[in-house]
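Read off the chains here:
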Amino acid sequence: MTHHAMLIEDEPNIAEAIRFLLNREGWQVTTLGDGGVAEAEVRARRPDLVILDLMLPGRSGLEILQSLRADPETAELPVMMLTAKGQGRDREAAERAGASLFMAKPFSNTEFVAAARSLLGVA
(Lines give C-alpha, C1' and ligand atoms only; values in the text may rest on other atoms or scores of the structure.)
Protein backbone atom coordinates (compact mmCIF):
# COMPACT_ATOMS: atom_id res chain seq x y z
CA MET A 1 0.00 0.00 0.00
CA THR A 2 1.32 3.41 -0.96
CA HIS A 3 1.18 6.12 1.67
CA HIS A 4 0.50 9.70 0.63
CA ALA A 5 2.23 12.54 2.43
CA MET A 6 1.47 16.20 1.82
CA LEU A 7 4.52 18.34 2.46
CA ILE A 8 3.95 22.05 3.07
CA GLU A 9 7.40 23.64 3.09
CA ASP A 10 8.58 26.84 1.37
CA GLU A 11 12.32 26.08 1.27
CA PRO A 12 12.82 24.19 -2.02
CA ASN A 13 15.98 22.36 -0.93
CA ILE A 14 14.33 21.00 2.23
CA ALA A 15 11.14 20.12 0.33
CA GLU A 16 13.16 18.27 -2.32
CA ALA A 17 15.22 16.38 0.28
CA ILE A 18 12.09 15.20 2.11
CA ARG A 19 10.32 14.32 -1.14
CA PHE A 20 13.33 12.27 -2.24
CA LEU A 21 13.56 10.48 1.12
CA LEU A 22 9.91 9.48 1.21
CA ASN A 23 9.76 8.58 -2.50
CA ARG A 24 12.69 6.25 -1.94
CA GLU A 25 10.62 4.55 0.78
CA GLY A 26 7.72 4.11 -1.66
CA TRP A 27 5.59 7.07 -0.52
CA GLN A 28 3.68 9.38 -2.83
CA VAL A 29 4.49 13.00 -1.92
CA THR A 30 2.58 16.15 -2.85
CA THR A 31 4.54 19.33 -2.14
CA LEU A 32 3.18 22.84 -1.55
CA GLY A 33 5.20 25.97 -0.92
CA ASP A 34 2.42 28.28 0.22
CA GLY A 35 0.41 28.13 3.43
CA GLY A 36 -2.48 30.02 1.86
CA VAL A 37 -3.70 27.05 -0.22
CA ALA A 38 -2.63 24.29 2.16
CA GLU A 39 -5.90 23.69 3.95
CA ALA A 40 -7.96 23.40 0.75
CA GLU A 41 -5.36 21.05 -0.75
CA VAL A 42 -5.37 18.80 2.33
CA ARG A 43 -9.16 18.54 2.13
CA ALA A 44 -9.12 17.89 -1.63
CA ARG A 45 -6.30 15.31 -1.68
CA ARG A 46 -6.83 13.58 1.69
CA PRO A 47 -3.23 12.61 2.47
CA ASP A 48 -2.34 10.00 5.10
CA LEU A 49 0.16 12.38 6.68
CA VAL A 50 0.75 16.14 6.61
CA ILE A 51 4.28 17.45 7.05
CA LEU A 52 3.94 21.09 7.91
CA ASP A 53 6.56 23.81 8.28
CA LEU A 54 5.86 26.25 11.08
CA MET A 55 6.98 29.34 9.13
CA LEU A 56 5.21 29.67 5.77
CA PRO A 57 4.18 32.43 3.38
CA GLY A 58 0.43 33.03 3.08
CA ARG A 59 -0.56 31.37 6.34
CA SER A 60 1.47 30.03 9.23
CA GLY A 61 1.79 26.34 9.96
CA LEU A 62 0.18 27.01 13.34
CA GLU A 63 -2.95 28.53 11.75
CA ILE A 64 -3.21 25.64 9.29
CA LEU A 65 -2.84 23.11 12.12
CA GLN A 66 -5.54 24.83 14.20
CA SER A 67 -7.95 24.77 11.24
CA LEU A 68 -7.26 21.10 10.51
CA ARG A 69 -7.83 20.15 14.15
CA ALA A 70 -11.07 22.17 14.31
CA ASP A 71 -12.60 20.26 11.36
CA PRO A 72 -14.00 16.80 12.23
CA GLU A 73 -12.86 15.48 8.82
CA THR A 74 -9.20 16.31 9.46
CA ALA A 75 -9.10 16.38 13.28
CA GLU A 76 -7.38 12.98 13.53
CA LEU A 77 -4.99 13.46 10.61
CA PRO A 78 -1.35 12.90 11.66
CA VAL A 79 0.56 16.19 11.37
CA MET A 80 4.34 16.38 11.68
CA MET A 81 5.55 19.93 12.34
CA LEU A 82 8.93 21.06 11.06
CA THR A 83 10.53 23.67 13.27
CA ALA A 84 13.82 25.51 13.12
CA LYS A 85 15.99 25.39 16.20
CA GLY A 86 15.07 28.08 18.68
CA GLN A 87 11.33 28.18 17.95
CA GLY A 88 10.46 27.08 21.49
CA ARG A 89 7.46 29.34 22.00
CA ASP A 90 6.01 28.50 18.58
CA ARG A 91 6.55 24.83 19.27
CA GLU A 92 4.61 25.05 22.54
CA ALA A 93 1.72 26.74 20.72
CA ALA A 94 1.78 24.04 18.02
CA GLU A 95 1.82 21.34 20.71
CA ARG A 96 -1.27 22.88 22.30
CA ALA A 97 -2.91 23.11 18.86
CA GLY A 98 -2.46 19.37 18.39
CA ALA A 99 0.71 18.64 16.40
CA SER A 100 1.32 14.87 16.38
CA LEU A 101 5.11 15.11 16.33
CA PHE A 102 7.95 17.62 15.88
CA MET A 103 11.08 17.48 13.78
CA ALA A 104 13.69 20.18 14.30
CA LYS A 105 15.67 21.18 11.22
CA PRO A 106 18.22 19.97 10.40
CA PHE A 107 17.25 16.33 11.00
CA SER A 108 18.81 13.04 10.01
CA ASN A 109 17.26 11.11 7.13
CA THR A 110 16.85 7.96 9.20
CA GLU A 111 15.21 9.86 12.02
CA PHE A 112 12.80 11.56 9.61
CA VAL A 113 11.67 8.37 7.86
CA ALA A 114 11.25 6.58 11.22
CA ALA A 115 9.09 9.46 12.50
CA ALA A 116 6.88 9.48 9.38
CA ARG A 117 6.38 5.72 9.62
CA SER A 118 5.62 5.84 13.33
CA LEU A 119 2.83 8.39 12.78
CA LEU A 120 1.09 5.94 10.44
CA GLY A 121 1.88 2.88 12.53
CA VAL A 122 4.01 1.43 9.72
CA ALA A 123 7.02 -0.67 10.69
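Residues numbered from 1 in each chain as written. Predicted model: local features only at pLDDT ≥ 70, side-chain atom pairs only at ≥ 80, totals over all residues. Heavy atoms only, no water.

(A) Up close: the overall build of the protein. The secondary structure content of the protein amounts to 5 helices and 5 strands. The helix and strand sequence of the protein, counted from the amino end, reads β-α-β-α-β-α-β-α-β-α. What you see for the protein is a C-alpha radius of gyration of 13 Å, in line with the 14 Å of a compact globule of 123 residues. In terms of principal-axis extent, the alpha carbons of the protein reach across some 30 × 30 × 25 Å. Considering the protein as a whole, with its 123 residues, one finds that 46% of them fall into the buried category. Pairs at least 24 apart in sequence give 61% of the contacts found in the protein among residues at least 6 apart. Approximately 6,200 Å² of the protein is accessible, and the part contributed by carbon and sulfur atoms is 50%. (Helix = DSSP H or I, 4+ residues; strand = E, 2+ residues; numbered from the N terminus. Rg over C-alpha atoms; globule rule 2.2 N^0.38 Å. Buried < 20%, exposed > 50% of the residue type's maximum accessible area, 1.4 Å probe, protein only. Contact = heavy atoms within 4.5 Å. Areas by Shrake-Rupley, 256 points an atom, 1.4 Å probe, with all protein chains shown as cover.)

(B) Summary view of the pairing of strand E5 (residues 101–105). Direction of pairing for strand E4 (residues 79–84) relative to E5: parallel, over a ladder of 5 bridges. Bridge assignment links Leu 82 to a residue of E5, and that residue is Met 103. Note that the unit made of E4, helix H4 (residues 88–97) and E5 has a crossover that is right-handed. (Pairing = 2+ DSSP bridges. Right-handed = clockwise from strand over helix to strand, strands pointing away.)

(C) Just helix H2 (residues 38–45), in detail. Residues of H2 that are buried include every one of Ala 38, Glu 39 and Val 42, and no others. Down the axis, H2 shows its buried residues gathered within 100 degrees of arc, on one side only. Facing away from the buried side of H2 by over 90 degrees, the exposed positions are Ala 40 and Ala 44. Close packing links the buried residues of H2 with strand E1 (4–8), strand E2 (28–32), strand E3 (49–53) and helix H3 (61–70). Looking one or two places after H2, you find Arg 46, whose phi comes out positive at around 50 degrees. (Arc of directions from axis to C-beta.)

(D) Geometry of the nonpolar core. Among the nonpolar cores identified, the biggest contains 20 residues, and Ile 18, Leu 22, Ile 51, Met 80, Leu 82 and Phe 112 are the most heavily contacted of them. Secondary-structure elements contributing two or more residues to this core are E1, helix H1 (12–24), E3, E4 and helix H5 (109–120). Listed in part, the 19 residues of the second largest apolar core include Val 50, Leu 54, Ile 64 and Ala 94. (Core = buried A, V, L, I, M, F, W, Y, C linked by side-chain atoms within 4.5 Å.)

(E) The arrangement of the sheet that holds E3 in detail. The strand order E2-E1-E3-E4-E5 describes an open sheet built from 5 strands, whose pairing is parallel. The open sheet has two edge strands with one neighbour each: E2 and E5. The average undirected angle you get between the axes of adjacent strands in this sheet is 20 degrees. Two elements, E1 and E3, share 4 bridges in a ladder whose sense is parallel. By the bridge assignment, Ala 5 is partnered in E3 with Leu 49. (Axes fitted to C-alpha atoms, helices over the stretch in contact; angles between N-to-C directions.)

(F) Examining the environment of Ala 17 more closely. In this structure, Ala 17 sits in helix H1. With relative accessibility at 42%, the residue Ala 17 sits in the partly exposed group. When the C-alpha positions of Ala 17 and Asn 109 are compared, they lie 8.9 Å apart, and in sequence the two are 92 residues distant.

Purely geometric numbers; function is a separate question.
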